[in-house]
Amino acid sequence: MAPEHPEDVGVKAARTPRRAVAAADRTRQPTEVRRRLIVEAAVPLIAERGYASVGVRDVAAAAGVSVGTVTYHFGSVQEILSEAMVLHIERYYAALSDAAEHATSGAEALRLLVDALFTEDTDRHWRMWFDYWNAGDQDPDQAFARGQGQRYEAWHTQIRELAERGVADGEFTSEDLDGFTVRFAALADGLALQRLRQAPPLSTEDARRHLNRLVETELRSPSVG
């Protein structure tokens, strides 16, 4: 017991200045701001290492706070990482929506969507997307599962609205927009998984080509004459 006590005292003394700063920060920053800073720090960690390889100490170090500060604001590592994934996913799809809204037509918007889904930079997004769904299997909280469902429903809505826009503009004809939406989302997920596993090898260009082929096949251009 004796050797442990001096070590504990030494650790406390060494960390006093850092804790004093953290306490000052806490008086200036509301709880939600501190939580957001911790979550923001977790996003690149998940993208680089994967959900299962990130621990609370990793998050604390990246956020520049103590482990105690992290555990004070979050009940578990999974809670931090889940919020980080949600933050990333919301930002990613918000950017896609913004690009689509500025397109001159529904057809252009769908092309922009396909292009944005598969680039050399989107592999990180897809890793987090699959991590997010795997995390739901480990979380008994039904609220997490409901959040997953709402997120996927919003993704389906986005796809369908772009197709509807193309139909309304007279660029497409379709008798099954709901079916197209399901198949587009499923193909995008499947191609993303193949892209990450590279079994068999899949380039970003080929992934786009497969999705564009689906659009061309299912959303036919109105016949001329």
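### What about the pattern of salt bridges?
- In total, this model carries 14 salt bridges according to the counting rule given.
- With its nearest N and O atoms 3.4 Å apart, the salt bridge here joins E79 to R35. A residue pair is termed long-range when its members are at least 10 positions apart, and E79 in helix α5 (residues 77–101) and R35 in helix α2 (residues 31–49) qualify at 44 residues.
- A relative accessible area of 14% places R35 in the buried class.

### Quick look at the packing of aromatic side chains
- This structure, assessed with the given rule, holds eleven aromatic pairs.
- Relative to W129, the ring of Y93 has its centre 5.9 Å away and its plane inclined at 65°; by these criteria the two rings are edge-to-face. In this pair, Y93 sits in helix α5 while W129 sits in helix α7 (residues 123–137), placing the two residues 36 residues apart along the sequence.
- An angle of 50° between the planes, with centres 5.8 Å apart, marks the rings of F180 and F184 as tilted. With F180 and F184 both in helix α9 (residues 177–197) and four residues apart, this pair spans about one turn of that helix.
- Taken together, the ring pairs in this structure connect Y92, Y93, W129, Y132, W133, Y152 and W155 into an aromatic cluster.
- R35 extends its terminal NZ or CZ atom over the ring of F74, reaching a point 4.2 Å from the ring centre.

Reading the values: rules and limits
- Every chain is numbered on its own, with residues counted from 1 as its sequence reads.
- Two thresholds apply to this predicted model, a pLDDT of at least 70 for residue-level local features and 80 or more for giving and counting side-chain atom pairs, whereas whole-chain, interface and lining totals are computed over all residues.
- The side-chain values count all of the structure's non-hydrogen atoms but skip hydrogen atoms and water molecules.
- We count a salt bridge whenever a side-chain nitrogen from Lys or Arg sits within 4 Å of a carboxyl oxygen from Asp or Glu.
- Helical segments are the DSSP runs of H or I of at least four residues, strand segments are the runs of E of at least two, and each set is numbered from the N terminus.
- When accessible area is computed with a 1.4 Å probe and restricted to protein chains, residues below 20% of their type maximum are described as buried, those above 50% as exposed, and intermediate ones as partly exposed.
- Each Phe, Tyr or Trp ring (for Trp, its six-membered ring) is paired with any other whose centre lies within 6.5 Å, and the angle between the two planes then decides the class: stacked below 30 degrees, edge-to-face above 60, tilted in between.
- Ring-over charges, as used throughout, are those where CZ of Arg or NZ of Lys falls within 6 Å of the ring centre and within 35 degrees of the ring normal.

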